Amino acid sequence: MGQRRGGAICGDPQLTGQRLPRIRSSTRGCGIAEPVQVTAVAGVTLSQPATLDCGAARALGTWVTRTAKPAVGRAGGGLAQLHVAAHYICRTRNNRAGAKVSEHGRGRAIDISAVVLRDGTTLDILRGWRDPQAGPLWHRLHQGACGPFGTVLGPEADRYHQDHLHLDVPASGRGPYCR
């Protein structure tokens, strides 16, 4: 599950990044035993390195190769980058006091707010979800994440997810829960 030649991580040659030291937290439920920092997936860069556990990193890899790249296809020269709105952060769900710890606090979640095409075109979910041209792409990206990820939340889930796709791999194996 560690780093392999060429920067591949988590036993997946399509995941580029590095292993990180264990992340410990004084907050119960937060931390990652074997974190990795993902910088690219199948040639698609991330707007910022994402700290995840290997389960979430592999799910991201599956989603990018099986859904995101094929959904974008050759439009704008193909998929170049994913805008990462959030990754590992020790916090409660939706930052609400008294709520359970978010899967972000365990390194099992990533939020994607936009895709960038090779020609520089940026398609963000906030404007694109209901757009007649970009909407179908975002709906395919959302639907395709259901499976590799156990929980997928988008603009129709609630007010907290209007501007991103929340993708997580819950520890309990529950799911899929896609809204």
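Residues numbered from 1 in each chain as written. Predicted model: local features only at pLDDT ≥ 70, side-chain atom pairs only at ≥ 80, totals over all residues. Heavy atoms only, no water.

Per an unreviewed UniProt entry, the protein chain goes by Extensin family protein and derives from Mesobaculum littorinae.

K.L.:
Give me the lowdown on the side chain of H104, citing residues and values where you can.
P.N.:
In this fold, H104 is placed in the loop between β5 (79–86) and β6 (109–117). Residue classification places H104 among the buried positions, given a relative accessible area of 0%. Within the local environment of H104, its side chain forms a polar contact with the side chain of D111, the two groups lying 3.1 Å apart. Not counting chain neighbours up to four residues away, the residues in contact with H104 comprise A86, H87, Y88, I89, R91, A109, I110, D111 and H166. (Helix = DSSP H or I, 4+ residues; strand = E, 2+ residues; numbered from the N terminus. Buried < 20%, exposed > 50% of the residue type's maximum accessible area, 1.4 Å probe, protein only. Polar contact = N/O pair within 3.5 Å; in protein donor to acceptor, adjacent residues only side chain to side chain. Contact = heavy atoms within 4.5 Å.)

K.L.:
Summarise the state of the cysteines; cite the residues concerned and give the values.
P.N.:
What the rule picks out here adds up to 3 disulfides. Two residues, C10 and C54, share a disulfide whose sulfurs are 2.1 Å apart. Between C10 and C54, the disulfide has an S-S torsion of -80° and is therefore left-handed. In this pair, C10 is assigned in the loop between β1 (8–9) and β2 (12–19) and C54 in helix α1 (residues 54–72), connecting sequence segments 44 residues apart. Take C10: its relative accessible area is 4%, and that puts it in the buried class. Bridging C146 to C178, the disulfide has an S-S length of 2.2 Å. (Disulfide = S-S within 2.5 Å.)

K.L.:
Please set out the nonpolar core residue by residue, giving values where relevant.
P.N.:
L60, W63, L82, L141 and L167 are the most contacted members of the largest nonpolar core, which has 39 residues in total. Of all the secondary-structure elements, those providing two or more residues to this core are β3 (36–41), β4 (44–52), α1, β5, β6, α3 (135–145) and β9 (165–168). By residue number, the principal contributor to this core is α1, which donates 10 residues. With near-sequence residues (within four places) excluded, W63 lies in contact with A68, L82, I112, L141, G144, A145, P148, F149, L165 and L167. (Core = buried A, V, L, I, M, F, W, Y, C linked by side-chain atoms within 4.5 Å.)

K.L.:
Account for the pairing of β3, naming residues and giving values.
P.N.:
Alignment of β2 against β3, held across 5 bridges, turns out to be antiparallel. Its bridge partner lying in β3, T16 is registered against A40. Pairing of β3 with β4, which is carried by 5 bridges, proceeds in the antiparallel orientation. Across the sheet, residue V36 finds its bridge partner in β4, namely L52. Joining the antiparallel neighbours β3 and β4 is a turn of 2 residues, in which A42 adopts a positive phi near 50°. (Pairing = 2+ DSSP bridges.)

K.L.:
Kindly report on the pattern of salt bridges, identifying the contributing residues and their values.
P.N.:
Per the stated rule, a full pass over the model turns up 4 salt bridges. For E103, the salt bridge goes to R106, with nearest N and O atoms at 3.9 Å. Each of the salt bridges in this network shares a partner with another, and the network as a whole consists of D53, E103, R106 and R108. (Salt bridge = Lys/Arg side-chain N within 4 Å of Asp/Glu carboxyl O.)

K.L.:
How would you summarise unusual backbone geometry if you had to cite specific residues and measurements?
P.N.:
One non-glycine residue with positive phi stands out, namely C10, at about 60°. Of note in this structure, A42 is not a glycine but carries a positive phi near 50°. Looking at where A42 falls in the secondary structure, it is placed in the loop between β3 and β4. Under the relative-accessibility criterion, A42 is labelled buried at 15%.

K.L.:
Outline the confidence of the model for the protein chain, listing residues and values.
P.N.:
Predicted confidence across the protein chain gives a mean pLDDT of 93, with 94% of residues reaching 70 or more. Predicted confidence is poor over residues 1–6, with pLDDT under 50, and the contacts of this stretch with residues over four places away or in other chains come to 17 contacts. (pLDDT = per-residue confidence, 0-100.)

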